[in-house]
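Coordinate analysis (summary)
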Amino acid sequence: MASWRIEHIVFGYIEQPPSLYHEETDAYWDFKEYLGDNKNAEFGKVPCAVFLLINDETNEVIMVDCGFAINEEWGKKYHNPRYMQSEDQSMEKMLAKYDLTADDIKTIVITHSHWDHAMALNRMKNAKIYIQEEDITGAILSPWNYKGHASRSGAEIPGEVPYCIQAYHQLEVIDGDYDLRPGIKILKFGGHTPGMQGLLVDGENGKRYLLCGDLVMNRRDFENGVKHHLCSNNDELEAGMVRAKALVEQGVILIAAHDTEKLVQESLNR
């Protein structure tokens, strides 16, 4: 049976206060998990990350999400003024740690079309990109029950189109669950975005993992029953939580897209 090694690459952070009132959702968002050891800190650091799935027998590498900003200035200007990215967190330097370049990546799975998950797709010239059909239409038509989808998909940048559309000719559009490789199954969740998807992965030593994207902000929220605070369809998000809980009850280990480095390592070392 095929198994895949999971590597976690943090390419930047977004500073957030411990609690933030969000006008679009009329709710307070809790970011205390991101304060680290200093619970009195003014800001926490929410990681922006991608995952590499590596088959050590075949040397195939699959990238999950592709949110690398060009640089910190670009990320601050177009998406979040609290975005932080060091020079060492560039795509080129991060991939070089694995003896890879962008041209070496042949397969990418995009959990959803938001900027912190998809903004570097137009730099991945050799990749086939798997995305749900509903997430493409969502990025274009913005059928949301909260404001501001364009400010998350890249469509608001003058002269640009949503990130997922910039790589249109490389897209492998799917609708629903999909068997990607032996040991990797794409699961459609929806909820956070119309076509958000996760991956069920057969990892090393017989472990199974659910890379759940933005179903939740982090694993601690999942354990406490807290779903993601941005939601395009509440029924889908609730159903996704139920599906994920059933998998976890079967021994699957959940990893969220914005888990801290500590949470990811705890999950991988279980």
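All of the points below concern the structure found in this document. Everything quoted here is computed from the prediction, not taken from an experiment. (Residues numbered from 1 in each chain as written. Predicted model: local features only at pLDDT ≥ 70, side-chain atom pairs only at ≥ 80, totals over all residues. Heavy atoms only, no water.)

Considering the overall build of the protein chain
Per the secondary structure count, the protein chain includes nine helices and 14 strands. The C-alpha atoms of the protein chain give 17 Å as radius of gyration, which agrees with the globular expectation for 270 residues (18 Å, within 12%). The principal-axis extents of the C-alpha atoms in the protein chain amount to approximately 50 × 45 × 35 Å. By residue count, 54% of the 270 residues in the protein chain fall in the buried class. (Helix = DSSP H or I, 4+ residues; strand = E, 2+ residues; numbered from the N terminus. Rg over C-alpha atoms; globule rule 2.2 N^0.38 Å. Buried < 20%, exposed > 50% of the residue type's maximum accessible area, 1.4 Å probe, protein only.)

Considering unusual backbone geometry
Even without being glycine, Asn59 reaches a positive phi, approximately 70°. Assignment of secondary structure puts Asn59 in the loop between strand E4 (44-54) and strand E5 (61-64). A relative accessible area of 60% places Asn59 in the exposed class.

Here we look at the sheet that holds strand E9 (residues 171-174)
Strand order in this open sheet of seven strands is E6-E1-E4-E5-E7-E8-E9, and the pairing throughout is mixed. Each edge of the sheet is formed by a strand with only one pairing partner; in this case those strands are strand E6 (83-84) and E9. With respect to the sheet, helix H4 (residues 133-141) is in contact with strand E8 (128-132) and E9, its orientation differing from that of E8 by roughly 80°. Docked against the sheet, helix H9 (residues 261-268) engages strand E1 (5-16) and E4, running at close to 160° with respect to E1. (Pairing = 2+ DSSP bridges. Contact = heavy atoms within 4.5 Å. Axes fitted to C-alpha atoms, helices over the stretch in contact; angles between N-to-C directions.)

What about the packing of aromatic side chains?
Counted according to the given criterion, the structure contains six aromatic pairs. Taken together, a centroid distance of 6.4 Å and an interplanar angle of 55° make the contact between Trp74 and Tyr163 tilted. Of this pair, Trp74 sits in helix H1 (residues 72-78) while Tyr163 sits in helix H6 (residues 163-166); the two residues are 89 residues apart in sequence, bridging distant segments of the chain. Exposure remark for Tyr163: the relative accessible area of 3% places this residue in the buried category. (Phe/Tyr/Trp six-rings, centres within 6.5 Å; stacked < 30°, edge-to-face > 60°.)

Some details on empty space enclosed by the protein
Applying the stated criterion across every chain yields a total of one cavity of 30 Å³ or more. Within this model, the largest cavity holds a volume of roughly 40 Å³. Looking at side-chain class alone, the lining of the largest cavity contains seven nonpolar, two polar and one charged residues. (1 Å grid on protein atoms, 1.4 Å probe; cavity = no way out; pocket = protein on both sides within 12 Å on 5 of 7 lines; lining within 4 Å. Points joined across faces, edges and corners; volume = space filled by probe spheres on them. Nonpolar A, V, L, I, M, F, W, Y, C, P; charged D, E, K, R; others polar.)

Quick word on the pattern of salt bridges
A pair can form between side chains of opposite charge whenever their charged atoms are brought close. Tallied over the entire structure, the rule returns 17 salt bridges. For the salt bridge of Lys32 with Asp30, the shortest nitrogen-to-oxygen distance reads 3.7 Å. With a closest N to O distance of 3.4 Å, Glu223 and Arg220 form a salt bridge. Linking Glu223 with Arg220, this pair stays in helix H7 (residues 219-223), spanning three residues, or about one helical turn. Using a relative accessible area of 46% as the deciding quantity, one classes Glu223 as partly exposed. On the basis of relative accessibility, which here comes to 27%, the residue Arg220 falls in the partly exposed class. The structure contains a network of salt bridges with shared partners spanning Glu33, Arg219, Arg220, Glu223 and Glu266. (Salt bridge = Lys/Arg side-chain N within 4 Å of Asp/Glu carboxyl O.)

Looking at the sheet that holds strand E14 (residues 253-255)
A sheet is described by the order of its strands in space; here five strands give the open sequence E10-E11-E12-E13-E14, paired in mixed fashion. Two strands in the sheet have a free side with no partner beyond their single neighbour: strand E10 (178-181) and E14. Here the average twist between neighbouring strands, direction ignored, is 25°. Of the pairings in the sheet, the one linking strand E12 (residues 197-202) to strand E13 (residues 208-211) comprises four bridges and is antiparallel in character.

Some thoughts on H9
For the α-helix, the turn length of 3.6 residues means that residues three or four positions removed from each other point alike. When we look at burial in H9, the residues that qualify are Leu263, Val264, Ser267 and Leu268. Take H9 and look down its axis: the buried residues cluster within an arc of 130°, on one side only. For H9, the secondary structure elements touched by its buried residues are E1, E4, E13, H7 and E14. (Arc of directions from axis to C-beta.)

Notes on helix H8 (residues 234-249)
Counted at 1.5 Å a residue, the expected span for H8 with its 16 residues is 22 Å, and the 23 Å between its end C-alpha atoms agrees. At its buried positions, H8 is contacted by strand E11 (184-188), E12, E13, H7 and E14. Put simply, Asn233 is the residue that caps the front of H8, since its side-chain oxygen is 3.1 Å from the backbone nitrogen of Asp235. Positive backbone phi, approximately 100°, marks Gly251, located one or two places after H8. (Expected span 1.5 Å × (residues − 1). Polar contact = N/O pair within 3.5 Å; in protein donor to acceptor, adjacent residues only side chain to side chain.)

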